[in-house]
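These are the residues of each chain, in order.
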Amino acid sequence: MNADELRSLQAPLKAQYRERPDSALVTLRAEGRVGKNVTCKIETGKARVEVGLHPATGGDGSSACSADMLLEALVGCAGVTLSAVATALGIPLRNATIQAEGDLDFRGTLGVSKEVSVGFKQIRLNFDLDSDASEEQVATLLRLTERYCVVYQTLSQPAEISVLHRVISR
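Because the structure is predicted, anything quoted here is derived from the model rather than measured.

### Remarks on the overall build of the protein chain
Okay, so step 1: Each helix and strand in the protein chain was counted, giving five helices and five strands.
Okay, so step 2: When the helices and strands of the protein chain are listed from N to C terminus, the series reads α-β-β-β-α-β-α-β-α-α.
Okay, so step 3: Based on the C-alpha atoms only, the size of the protein chain along its principal axes is roughly 55 × 40 × 30 Å.
Okay, so step 4: The buried share of the protein chain, reckoned over its 170 residues, is 20%.
Okay, so step 5: Across the protein chain, every contact between residues at least 6 apart in sequence was considered, and the portion connecting residues at least 24 apart equals 51%.

Written out as structure tokens, the structure is:
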């Protein structure tokens, strides 16, 4: 896809969102069902993913780990955003590799220490770019990738989360 094709694809959406801002608000959904052996089966719309305990919490490594999936979502979103921004700005990329790594102290999630927080202490997002772009173009590319990457922005400025529940009796 080139910049003109991308603009052509997005132009009607941008116009619609300017004219009717409420149409830009889309609710994304994910659903999972608790399974056997401390797992949760998630319907992604593309494939079923079985999520389980990370080996550091007693898992056998055969199921996906939701913390790994969070990093994968960050890499996927950053990669798509990087590609779209590069395309829109006409910045040539021969190749790009995106890596995310996060430090997680499992004493928190296992309740071993109340002083240790549950969750990532730090996440590092790394880009290896194969490009002849100038330093200024690369700086702009990365700045706009950060700005428009949904997962990056959500992790940087956490959304308000509400927890609801209902008990279903049979």
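### Some details on the packing of helix α2 (residues 66–89) against helix α4 (residues 135–148)
Okay, so step 1: As a packed pair, α2 and α4 sit with axes 9 Å apart at the nearest point and diverge in direction by 130 degrees. When the axes of α2 and α4 are compared, the pair comes out oblique. The interaxial crossing formed by α2 with α4 has right-handed handedness. Residues A78, T81, L82, V85, A86 and L89 of α2 pack against T140, L141, L142, L144, T145 and Y148 of α4.

### Considering the nonpolar core
Generally speaking, a soluble globular protein has its nonpolar side chains buried in company with each other.
Okay, so step 1: I91 and L141 are the most contacted members of the largest nonpolar core, which totals 13 residues.
Okay, so step 2: Counting residues per element, the ones that place at least two in this core are α2 and α4.
Okay, so step 3: Counting residues per element, this core draws most heavily on α2, which supplies six residues.
Okay, so step 4: What L141 contacts, discounting residues up to four positions off in sequence, is L82, V85, A86, I91, L93 and L129.

### Quick word on the environment of R33
Okay, so step 1: Residue placement: R33 occurs in strand β1 (residues 31–35).
Okay, so step 2: Once residues lying within four places of it in the same chain are set aside, the contact partners of R33 are T39, C40 and K41.

### Looking at the confidence of the model for the protein chain
Okay, so step 1: Here the protein chain shows a mean pLDDT of 90. Residues at 70 or above account for 100%.
Okay, so step 2: Averaged pLDDT values over the elements of the protein chain bottom out at 75 in β1 and peak at 97 in α4.

### Side note on the environment of I168
Okay, so step 1: Within the secondary structure, I168 is located in the segment after α5 (150–156).
Okay, so step 2: Linking I168 and G90, residues 78 residues apart in sequence, is a C-alpha distance of 54 Å.

### Structural notes on the sheet that holds strand β2 (residues 39–43)
Okay, so step 1: Read from one edge to the other, the open sheet built from three strands follows the order β1-β2-β3, with strand pairing classed as antiparallel. Either end of the sheet is taken by a strand with one partner, and the two such strands are β1 and β3 (48–51). Taken pair by pair, the neighbouring strands of this sheet meet at an average axis angle of 25 degrees, ignoring direction.
Okay, so step 2: In this structure, β2 lies alongside β3, joined through four bridges in antiparallel fashion. Following the sheet pairing, E43 is matched in β3 by R48.

### Here's the deal with α2
Okay, so step 1: With 24 residues, α2 extends 34 Å from end C-alpha to end C-alpha; this agrees with the ideal 34 Å at 1.5 Å per step.
Okay, so step 2: All of the buried residues in α2 are A67, L71, L74, C77, A78, G79, T81, L82, V85, A86 and T87.
Okay, so step 3: Looking at the buried side of α2, the elements it contacts are α1 (3–19), β4 (95–104), β5 (120–130), α4 and α5.
Okay, so step 4: Of the residues flanking the end of α2, it is G90, one or two places downstream, whose phi is positive at about 70 degrees.

### A short note on the pattern of salt bridges
Okay, so step 1: Per the stated rule, a full pass over the model turns up six salt bridges.
Okay, so step 2: Three or more residues are tied together by salt bridges with common partners; here these are R94, D130 and D132.

### Thoughts on the packing of α1 against α2
Okay, so step 1: Interhelical geometry of α1 versus α2 gives an angle of 110 degrees and a closest axis separation of 7 Å. In this view, α1 runs roughly perpendicular relative to α2, as classed from their interaxial angle. Between α1 and α2 lies a crossing of left-handed hand. Across the interface between the two elements, A3, L6 and R7 of α1 pack against A84, T87 and A88 of α2.
Okay, so step 2: Counted by class, the contact of α1 with α2 contains four nonpolar, one polar and one charged residues.

Definitions and cut-offs
- Residues numbered from 1 in each chain as written.
- Predicted model: local features only at pLDDT ≥ 70, side-chain atom pairs only at ≥ 80, totals over all residues.
- Heavy atoms only, no water.
- Helix = DSSP H or I, 4+ residues; strand = E, 2+ residues; numbered from the N terminus.
- Buried < 20%, exposed > 50% of the residue type's maximum accessible area, 1.4 Å probe, protein only.
- Contact = heavy atoms within 4.5 Å.
- Axes fitted to C-alpha atoms, helices over the stretch in contact; angles between N-to-C directions.
- Parallel < 35°, antiparallel > 145°, perpendicular 65-115°, else oblique.
- Left-handed = near helix turned anticlockwise from the far one by under 90°.
- Core = buried A, V, L, I, M, F, W, Y, C linked by side-chain atoms within 4.5 Å.
- pLDDT = per-residue confidence, 0-100.
- Pairing = 2+ DSSP bridges.
- Expected span 1.5 Å × (residues − 1).
- Salt bridge = Lys/Arg side-chain N within 4 Å of Asp/Glu carboxyl O.
- Nonpolar A, V, L, I, M, F, W, Y, C, P; charged D, E, K, R; others polar.

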